[in-house]
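Chains, contacts and geometry: an overview
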Amino acid sequence: MSVIKKLISFDSVVAEELESLSKTLDITQKELIERALDFYFDHTDSITAQKISDDVVAGKNKVHNADDVFAELGLE
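Calculation notes
Residue positions are counted from 1 within each chain, in the order its sequence is given. Reporting of local features is limited, given that this is a predicted model, to residues whose pLDDT is at least 70; pairs of side-chain atoms are given and counted only at 80 or more, and all residues count toward the totals for whole chains, interfaces and linings. The side-chain figures draw on all heavy atoms in the structure; neither hydrogens nor water molecules are used. What makes a salt bridge here is a side-chain nitrogen of Lys or Arg within 4 Å of a carboxyl oxygen of Asp or Glu, nothing more. Numbering of helices and strands runs from the N terminus; a helix is a DSSP stretch of H or I covering at least four residues, while a strand is a stretch of E covering at least two. Remark: exposure states derive from per-residue accessible area (1.4 Å probe, protein chains only) relative to the maximum for the residue type, with buried under 20%, exposed over 50%, and partly exposed in between. Here the expected length of a helix is defined as 1.5 Å per residue gap, with one fewer gap than residues.

1. Quick notes on the pattern of salt bridges
Going through the model one piece at a time under the given rule, you end up with four salt bridges. Two residues, Glu-19 and Lys-23, come together in a salt bridge whose shortest N-O distance is 3.2 Å. Of the two residues, Glu-19 and Lys-23 both sit in helix α1 (residues 12-25), four residues apart, roughly one turn of that helix. Overall, the relative accessible area of 37% leaves Glu-19 in the partly exposed class. Here Lys-23 falls in the exposed class, since its relative accessible area comes to 60%.

In structure tokens, the structure reads:
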């Protein structure tokens, strides 16, 4: 997996907590942030899926039959 640098700023309280927790867990701050973001993204995936499902039930989004879509695209 490639690595992309990002420059971010934290509130001082958050920065101190990050430093303290990374020392306690004996992992780098980078690794702690990656783990936290992975956990958060997994959590928001379920929220997004529920929103999409709710929108389908409410008629805001339409679900199409895969066979019909393939046929329309000539992918049978």
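Anyway, onward from the coordinates.
2. Concerning helix α2 (residues 29-57)
The end-to-end C-alpha distance of α2, which contains 29 residues, comes to 42 Å, matching closely the 42 Å that a straight helix rising 1.5 Å per residue would cover. Following α2 by one or two positions, Gly-59 has its phi on the positive side, about 80 degrees.

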